[in-house]
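So you can see what is in the structure, the chains are spelled out below.
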Amino acid sequence: MLLEPDRTPYDWTFRLLGFPVRVHPFFWLGSALFGGDLLQGGLEYLLLWVAAVFVSIVVHEFGHALAFRAYGVESHVVLYAFGGLAVPYTSLAGRGRRAVVSLAGPFAGVALYGLLLASDELAPWVAGTPRHVQFFYLVLLRINLWWGVFNLLPVYPLDGGQFTREVCTAASRRNGLRISLEISVAVGALICLYSLARQYHVADAVLDGLPRWLPAGSLWTAILFGVLAFQSFQLLQQRDWEQGHWEHEGRQPWRRR
């Protein structure tokens, strides 16, 4: 599920802090689609949105990349479609280390959110800037807060899903992966149904009683989490088949000699 996209002649490549960075052309398209409604205010607002998405995803992925480096593993960063990847050159041993790397991306984004907010609280500067600067600042705040929260959801292949896998497999070597996939299917399906209900105003009387800070979701959210839930279900079926196969053979793969 975490596959690096193929290279294209239209990739933008550069280096930052010693890390190779590759931006797939679909990254720009995906970012523009998510912010398409901003065209009503003018093309400049859409471009500022795309720039804010770019900065936010780079910060997020560099959180992972720097965590890999702290454990002695180098990596490169790829931005594509609706997100990005920090791709290590070698595997990272240790569940605890992998769990830390999973959380490092969301932590980096939330840290940027805190720094931006603190900068204006300690020495107010945003209110006196041009409207476009204020818009860029507010969009950066929103993206880094909600992107961090979004990625902490226990759904594969989000960072929260990777973290949940490490926790579950640490608690149960035999059934941990299955438990984490079941959580991923359940949470992904629930968010999909919730987003559809909000989009088409189903059960508003019940849903309006939920906390106001809870995002309403959208058709895009429903499609995304529906796909992720289905992929997790497929992985769950594959895992069950593999385990059943080894049990039929009379031994588990980790017991082979």
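One can find the structure itself at the top, above this paragraph.
Residues numbered from 1 in each chain as written. Predicted model: local features only at pLDDT ≥ 70, side-chain atom pairs only at ≥ 80, totals over all residues. Heavy atoms only, no water.

Student: Mind showing me how you'd approach helix 2 (residues 43-70) here?
Tutor: Since the α-helix turns once every 3.6 residues, residues separated by three or four places project in the same direction. With 28 residues, helix 2 should cover 40 Å at 1.5 Å per step; its first-to-last C-alpha distance of 41 Å lies within 8% of that length. Positioned one or two residues after helix 2, Gly-72 has a phi angle of 85°, which is positive. (Helix = DSSP H or I, 4+ residues; strand = E, 2+ residues; numbered from the N terminus. Expected span 1.5 Å × (residues − 1).)

Student: When you look at the pairing of strand 3 (residues 75-80) in this model, what are you seeing that I'm missing?
Tutor: Every regular strand shows the same layout, with side chains that alternate between the two sheet faces. Across the 6 residues of strand 3, 5 count as buried, placing the element largely inside the fold. Both strand 2 (residues 19-23) and strand 3 contribute to a ladder of 3 bridges, which runs parallel. Pairing of Val-21 across the sheet is with Val-77, part of strand 3. Relative to strand 4 (residues 83-88), strand 3 is paired through 6 bridges, and the arrangement is antiparallel. Within the sheet, the bridge partner assigned to Ser-75 lies in strand 4 and is Pro-88. Count of turn residues in the strand 3/strand 4 antiparallel hairpin: 2 residues, of which Ala-81 carries a positive phi of about 40°. (Buried < 20%, exposed > 50% of the residue type's maximum accessible area, 1.4 Å probe, protein only. Pairing = 2+ DSSP bridges.)

Student: I would appreciate a short explanation of the packing of helix 1 (residues 25-34) against helix 2 in the present structure.
Tutor: Helix packing for two helices is described by the angle between their axes and how far apart those axes are. Interhelical geometry of helix 1 versus helix 2 gives an angle of 120° and a closest axis separation of 9 Å. Compared by their axis directions, helix 1 and helix 2 come out oblique. Every pair of crossing elements has a handedness; the one defined by helix 1 and helix 2 is right-handed. For the pair helix 1 and helix 2, the contacting residues are Phe-27, Trp-28, Ser-31, Ala-32 and Phe-34 in the first and Leu-46, Trp-49, Val-50, Val-53, Phe-54 and Ile-57 in the second. Per-class residue counts for the contact of helix 1 with helix 2 are 10 nonpolar, 1 polar and no charged. (Axes fitted to C-alpha atoms, helices over the stretch in contact; angles between N-to-C directions. Parallel < 35°, antiparallel > 145°, perpendicular 65-115°, else oblique. Left-handed = near helix turned anticlockwise from the far one by under 90°. Contact = heavy atoms within 4.5 Å. Nonpolar A, V, L, I, M, F, W, Y, C, P; charged D, E, K, R; others polar.)

Student: When you look at the pattern of salt bridges in this model, what are you seeing that I'm missing?
Tutor: Tallied over the full model, the rule gives 7 salt bridges. Note that Glu-74 is salt-bridged to Arg-69, the shortest N-O span being 3.2 Å. Residue Glu-182 is joined to Arg-178 by a salt bridge in which the shortest nitrogen-to-oxygen separation is 2.9 Å. Taken together, the residues Glu-182 and Arg-178, both in helix 6 (residues 176-199) and 4 residues apart, mark about one turn of the helix. In the salt-bridge network here, residues are joined through shared partners; they are Glu-4, Asp-11 and Arg-22. (Salt bridge = Lys/Arg side-chain N within 4 Å of Asp/Glu carboxyl O.)

Student: Before we go on, may I ask you to explain the pairing of strand 2 in this structure?
Tutor: Judged by how many residues are buried, strand 2 sits mostly within the fold: 4 of 5 residues are covered. Counting the residues between successive antiparallel strands, the hairpin from strand 1 (residues 12-16) to strand 2 contains 2 residues, one of them, Leu-17, with a positive phi of roughly 55°.

Student: Please clarify how the packing of aromatic side chains should be interpreted in this entry.
Tutor: We describe a pair of aromatic rings using the distance from one ring centre to the other and the angle between the two ring planes. A full pass over the atoms with the stated rule returns 13 aromatic pairs. Geometrically, the ring pair formed by Phe-34 and Trp-220 is tilted, given 5.9 Å between the ring centres and 45° between the ring planes. Of the two residues, Phe-34 is situated in helix 1 and Trp-220 in helix 8 (residues 219-249); the sequence distance between them amounts to 186 residues. Connected via pairs of aromatic rings, a cluster forms that spans Trp-12, Phe-14, Phe-27, Trp-28 and Phe-54. In this structure, Arg-69 packs its charged tip against the face of Phe-19, placed 3.8 Å from the ring centre. (Phe/Tyr/Trp six-rings, centres within 6.5 Å; stacked < 30°, edge-to-face > 60°. Lys NZ or Arg CZ within 6 Å of the ring centre and 35° of its normal.)

Student: Can you walk me through unusual backbone geometry in this structure?
Tutor: For residues other than glycine, phi is negative in most cases, and the peptide bonds are mostly trans. Of the consecutive residues Tyr-156 and Pro-157, the connecting peptide bond is found in the cis state with omega at -5°. When you line up the elements, Pro-157 lands in the loop between helix 4 (131-151) and helix 5 (159-171). Its identity as a non-glycine residue notwithstanding, Leu-17 has a phi of 55°, on the positive side. Structurally, the position occupied by Leu-17 is in the loop between strand 1 and strand 2. A relative accessible area of 56% means that Leu-17 is categorised as exposed.

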